[in-house]
Amino acid sequence: MTPRFDNSYARLPERFFARQTPEGAPAPRLIALNRPLAVRLGLDADWLAGPEGLAMLSGSALPEGAEPIAQAYAGHQFGGWVPTLGDGRAVLIGEVVAPDGARFDLQLKGAGQTVFSRRGDGRAWLGPVLREYVVSEAMAALGVPTTRALAAVATGTRVVRDGFARPGAVLTRVAASHIRVGTFQFFAARGDDNGLRTLANHVISRHYPEAESALDLLRAVTAAQARLIAQWMSFGFIHGVMNTDNMAVSGETIDYGPCAFLDAYHPKKVFSSIDQFGRYAYAMQPQIAAWNLAQLASCLLPLIPGSEEEVIEAATEVINGFAPRYQAEWLRRMGAKIGLAAAGAEDLPLIESLLNRMASEGADFTRTFRGLVTGAARDEFTDPMAFETWAPDWQARLAREADPQAVMARANPVRIPRNHRIEQAITAAVEGDFAPFERLQQALAHPFDPDPALADLEAAPWPEEVVKRTFCGT
Ligand code: AMP
Ligand code: MG
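Below or above, wherever it landed, is the structure these notes cover.

What counts, and where the lines are drawn
- Residues numbered from 1 in each chain as written.
- Chains lettered and ligands numbered in written order.
- Predicted model: local features only at pLDDT ≥ 70, side-chain atom pairs only at ≥ 80, totals over all residues.
- Heavy atoms only, no water.
- Near = heavy atom within 4 Å.
- Polar contact = N/O pair within 3.5 Å; in protein donor to acceptor, adjacent residues only side chain to side chain.
- Areas by Shrake-Rupley, 256 points an atom, 1.4 Å probe, with all protein chains shown as cover.
- Nonpolar A, V, L, I, M, F, W, Y, C, P; charged D, E, K, R; others polar.
- Donors = N, O, S within 2.8 Å, 3.2 Å for Na, K, Ca; no water.
- Buried < 20%, exposed > 50% of the residue type's maximum accessible area, 1.4 Å probe, protein only.
- 1 Å grid on protein atoms, 1.4 Å probe; cavity = no way out; pocket = protein on both sides within 12 Å on 5 of 7 lines; lining within 4 Å.
- Points joined across faces, edges and corners; volume = space filled by probe spheres on them.
- Helix = DSSP H or I, 4+ residues; strand = E, 2+ residues; numbered from the N terminus.
- Phe/Tyr/Trp six-rings, centres within 6.5 Å; stacked < 30°, edge-to-face > 60°.
- Lys NZ or Arg CZ within 6 Å of the ring centre and 35° of its normal.
- Pairing = 2+ DSSP bridges.
- Salt bridge = Lys/Arg side-chain N within 4 Å of Asp/Glu carboxyl O.
- Core = buried A, V, L, I, M, F, W, Y, C linked by side-chain atoms within 4.5 Å.
- Domains from an automatic or database assignment.
- Contact = heavy atoms within 4.5 Å.

**A short note on the site of ligand 1**
Close contacts around ligand 1 come from 18 residues, with G86, G88, R89, G122 and N246 the closest. Within the side chain of R118, one N or O atom sits 3.1 Å away from an oxygen atom of ligand 1. Taken by itself ligand 1 offers 490 Å² of open surface, and the protein chains cover 88% of this. Within the shell around ligand 1, the residues separate by chemical class into 2 nonpolar, 8 polar and 8 charged.

Shown next as structure tokens:
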């Protein structure tokens, strides 16, 4: 059974995108198919795994009803304005409506050049494709809003990266939509108020049907981002490239490039090789989200009724609301990590004291918090006294909680996609051994359940295994 497409974005005015047939692959081979996700979307997993499905997932031949387009967008990259970016390495093949009525984009990432490719080849190699597959699915299993990975296909071609010919691959990415802050910027920068209005209405009907105005839309996106970033922080996730073109207005995590989960906790931690000044360091993420939202706000100004002064004041008030909202979300989630069902402002010093000790002792983020459940947290500190001198205040506070163990067990995963394990899985896959990738992915599908057989995936890296740098891999 072929997917039934209903392509609302392709029905928008032609200047929103470029029609774009994917280049296809000479010898496609299915590497991974996300069957549970296929079911969720109402797609026929057996059809996807068959020859017609493979042709679609590799961009070689699209079924009836697909309308491949490359979406136009702009963006601030590391703070620098770029008026035209767009899908240079991705093609949106269409939208499917799931049995529950939810609408999803199907996008092929790495299916060849588009009008937006500039000097790029429009391709992806196996490493970043598997990386995005593993990390985005791990995020979904942790309960973090995210784009999903439906399939990974090897193309049979080679892609040159860093002077090496690497195996080419295509990822099928699924998203509530791929509309970004940068999509709004594309129209705003061109003074295209009609385009902005059309886009805002599209986003409202698709993601925020309760919003009645552009200001409501801004409020909704701000709230969604405050929740999202608080979740990232609570799991030690560093996105790594929070450009405005990599922030989805739906509130889903998008664009898994140089992202990474913390091993040892440090607020200033940066993994991305291209983030030289730490603009997107772990602790910078809330501030950067607010900055990106301010860019969205300035795009929406022409759609908000009132005098210039009133409009700016109203939008500013919404953006200023990000910080307290984020702070409340963060406190709730971080409180849960230490066993508090409903942490209040008075609990902030306790949480911060633990984080400070973790930072100065190089404690592993995930293992320390999980260790609060199992009683092994002190082992994560170089000097266990750093933990022992915090624990009494914590214990005293827990005495007022009904079931702190259960609260912590739900908030603190056992397993995260650790950088060194991802890299090991990629190295093996390049050599033709997909078993480590399969195992990693299956283990990360139930991140809160302890499993002695997976102890190696729960361990922190040995010093020689630590991954210090991650790459976009474009
Ligand atoms: P990213 O850093 O992945 O968010 O990508 C930023 C911009 O570069 C987007 O417009 C991408 O479509 C484009 N891009 C990234 N990699 C490639 C590539 N291999 N070929 C063409 N365009 C690319
Ligand atoms: Mg991007």
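Having seen it, we continue.
**Describing the coordination of the magnesium ion (ligand 2)**
Within the protein, the atoms that donate to the magnesium ion (ligand 2) are N246 (OD1) and D255 (OD), at distances of 2.0 to 2.1 Å. Neither N246 nor D255 differs from the other in exposure class; each is buried.

**Observations concerning empty space enclosed by the protein**
Inspection of every chain in the model, using the stated rule, returns 1 cavity of 30 Å³ or more. Computed from the structure, the largest cavity encloses a volume of approximately 70 Å³. Lining the largest cavity we find 13 residues, and of these Q225, W232, N246, M247 and A248 sit closest to its centre. Per-element tally for the lining of the largest cavity: the top contributor is helix 7 (residues 214-235), with 3 residues.

**Digging into the packing of aromatic side chains**
Enumeration over the complete set of coordinates arrives at 18 aromatic pairs. Ring geometry for Y282 versus F365: centroids 6.4 Å apart, planes at 65°, classification edge-to-face. Residue Y282 is located in the loop between strand 12 (260-261) and helix 8 (285-300), and its partner F365 is located in helix 12 (residues 365-374); the two are separated by 83 residues in the primary sequence. Comparing Y282 with F365, the two get one shared label, buried. Following the ring pairs from residue to residue traces out a cluster consisting of Y9, F16, F17, F186 and F187. Above the plane of the ring of W291 lies R279, whose end atom (NZ or CZ) is 4.8 Å from the centre.

**Section: the pairing of strand 7 (residues 103-109)**
Among the 7 residues of strand 7, 6 are classified as buried, and the element is accordingly described as predominantly covered. The pairing of strand 6 (residues 90-97) with strand 7 spans 7 bridges and is classified as antiparallel. Considered in strand 7, the bridge of G94 is made with L106. Hairpin geometry of strand 6 and strand 7 is characterised by an intervening segment of 5 residues between the two adjacent antiparallel strands and by a positive phi of about 95° at G101. Alignment of strand 7 against strand 10 (residues 164-175), held across 5 bridges, turns out to be antiparallel. From the neighbouring strand, Q107 faces strand 10, where its bridge partner is R173.

**Thoughts on the pattern of salt bridges**
Tallied over the full model, the rule gives 29 salt bridges. Taking the shortest distance from any N to any O, the salt bridge between R415 and E458 comes out at 2.9 Å. Within this pair, whereas R415 is found in the loop between helix 15 (404-411) and helix 16 (419-430), its partner E458 is found in helix 18 (residues 455-458), the two being separated by 43 residues in sequence. Each member of the pair, R415 together with E458, is buried. Here the salt bridges share partners, and the residues they tie into one network are D6, R11, E95, R103, D105 and R206.

**Let's talk about the pairing of strand 9 (residues 148-161)**
Both strand 2 (residues 29-33) and strand 9 contribute to a ladder of 4 bridges, which runs antiparallel. When the sheet's bridge partners are listed, A32 is paired in strand 9 with A152. As judged from the 10 bridges shared by strand 9 and strand 10, these two strands associate in the antiparallel manner. Across the sheet, the residue bridging to A151 is T172, located in strand 10. Taken together, strand 9 and the strand that follows it, strand 10, pair antiparallel across an intervening segment of 2 residues, in which D162 is found at a positive phi of about 50°.

**Some details on the nonpolar core**
Residues F184, I338 and L372 are the most contacted members of the largest nonpolar core, which totals 126 residues. The element that contributes the greatest number of residues to this core is helix 7, accounting for 14 residues. Split by domain, the residues of this core number at least three in each of domain 1 (9-175) and domain 2 (331-411). Once you skip the residues sitting within four places of it in the chain, L372 turns out to touch K337, I338, L354, A377, F387, W390, W394, Q405 and M408. The next biggest cluster of nonpolar side chains, apart from the first, holds 26 residues, and it includes L48, F104, L108 and V153.

Just distances and angles here, no functional claims.
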